[in-house]
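Survey of secondary and tertiary structure
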Amino acid sequence: MSVIEFVDSHTAGEPTRVVIGGGPALGDGALPERLQRLITDHDAFRSAVVNEPRGSDVLVGALLVEPEDPACAAGVIFFNNVGYLGMCGHGTIGVVATLAHLGRIQPGRHRIETPVGTVSALLRANGEVTIENVVSYRYRRDVEVQVADVGVVRGDVAWGGNWFFLVDSPPLELTIANCDKLTEYAWAVRCALNGHKITGAGGAEIDHVELSAPTAEADSRNFVLCPGKAYDRSPCGTGTSAKLACLAADGKLMPGQVWRQEGILGTAFEGSYRMENGSSNRIVPSITGKAHVTAQGQLILHPDDPFRAGIRV
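In this text, all values refer to a predicted model and were calculated from it rather than measured experimentally. (Residues numbered from 1 in each chain as written. Predicted model: local features only at pLDDT ≥ 70, side-chain atom pairs only at ≥ 80, totals over all residues. Heavy atoms only, no water.)

Some details on the overall build of the protein chain
Our working rule: For the purposes of this entry, the term helix denotes a DSSP run of H or I that reaches at least four residues, the term strand denotes a run of E that reaches at least two, and both are numbered from the N terminus. Radius of gyration here is computed from C-alpha atoms only, and the compact-globule reference equals 2.2 Å multiplied by the residue count raised to the power 0.38. Buried means the residue's accessible area, taken with a 1.4 Å probe over protein chains only, is under 20% of the maximum for its type, while exposed means over 50%, and partly exposed covers the values in between. Any two residues having at least one pair of non-hydrogen atoms within 4.5 Å are treated as being in contact. For the accessible areas, the method is Shrake-Rupley and the probe is 1.4 Å, while residue cover comes only from the protein chains on display.
From N to C terminus, the protein chain includes 5 helices and 16 strands. Taken against the 2.2 N^0.38 rule, which gives 20 Å for 313 residues, the C-alpha radius of gyration of the protein chain at 19 Å falls within 12% of a compact globule. The principal-axis extent of the C-alpha atoms belonging to the protein chain is close to 50 × 45 × 35 Å. For the protein chain, the proportion of its 313 residues judged to be buried stands at 56%. Restricting the contact set of the protein chain to residue pairs at least 6 apart, pairs at least 24 apart contribute 63%. In the form shown here, the protein chain has an accessible surface area of approximately 13000 Å², with 48% of it arising from carbon and sulfur atoms.

Now the structure itself:
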């Protein structure tokens, strides 16, 4: 029997499960190398943690590992129901809340290693967390893609720690009642991107689709479809970072100016940015949100359980 220790939280409605014990031995070295070992040798662990019957399609997992840089508070590898995430904004906020819950960090500034770079996180006494994300940028502007049964859809391709296709003012109202229709629309867009071989830099797959529209309560409301066809319940930290990069590229948001990004549930993140040193088109985004710890316990994996490694999709 194997036992995995975890802490669950949600950030603006989006759940994170942080594995604090019982994870696979990945050795030392850079996080991208340890991520590759996890993918190659221990993918059953990922599935067991986040997939049914112990998890759900919407759950994001976060495996705590020793950081390569001793100045960092932790290293973390993010994953979901179908694979692995380079960076996760809501998940990083959840990791910081979890570390605080466990008494491992106090209010102040902390550094967290991820496979795509080190992020800075400021934990405030009231529980709010501001993460300074990895460098983000718009890769392509106003890209046209022919979507089956929809027609031509235009959007920007941008990096915010994951690759996004950002569509402004979609033909559907961004409400929770429309989630099924929004999911099918966004999934059709993603399939069309793959079919037409529209990618991020270096041929990277665009695995997130972000739909945005103005709202009276915030600067924008979004609907973000994640790789496993589950929508983000939060305003999406990496998606907000990608949005800020596009706004900055268009001159619609100045450095330091706050952008209030609402998610599909009506919860919000506050985002701003500074320019990367020496760059004219790359930004360093900051995202502020709050996570709440919801559970702490153990996942039990019996050797005779037919779904010991989860129900794989």
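What to know about empty space enclosed by the protein
Keep this limit in mind: Buriedness of a pocket was judged along seven lines, with at least five required to meet protein on both sides within 12 Å; pockets are open sets of points on a 1 Å grid over the protein atoms alone, cavities are sets where a 1.4 Å probe fits but cannot get out, and lining residues have an atom within 4 Å of a point. Grid points are joined across faces, edges and corners, and a volume is the space filled by probe spheres set on the points. By the convention adopted, Pro, Cys, Tyr, Trp, Phe, Met, Ile, Leu, Val and Ala count as nonpolar, Lys, Arg, Asp and Glu as charged, and the other residues, Gly among them, as polar.
As enumerated under the stated definition, the model contains 1 cavity of 30 Å³ or more in all. Quantified by volume, the largest cavity comes out at close to 150 Å³. Taken together, 23 residues make up the lining of the largest cavity; nearest its centre are E14, V60, L85, C226 and D232. Breaking the lining of the largest cavity down by element, the ones donating at least two residues are helix 3 (89-101) and helix 5 (237-249). Taken together, the residues that form the lining of the largest cavity break down as 11 nonpolar, 9 polar and 3 charged.

Some thoughts on helix 5
Using the following cut-off: Every helix has an expected span of 1.5 Å times one less than the residues it contains.
For helix 5, which comprises 13 residues, the first-to-last C-alpha distance of 18 Å matches the rise-based estimate of 18 Å (1.5 Å per residue) to within 8%. The element helix 5 is largely enclosed, with a buried count of 12 among its 13 residues. For helix 5, the full list of buried residues reads G237, T238, G239, T240, S241, A242, K243, L244, A245, C246, L247 and A248.

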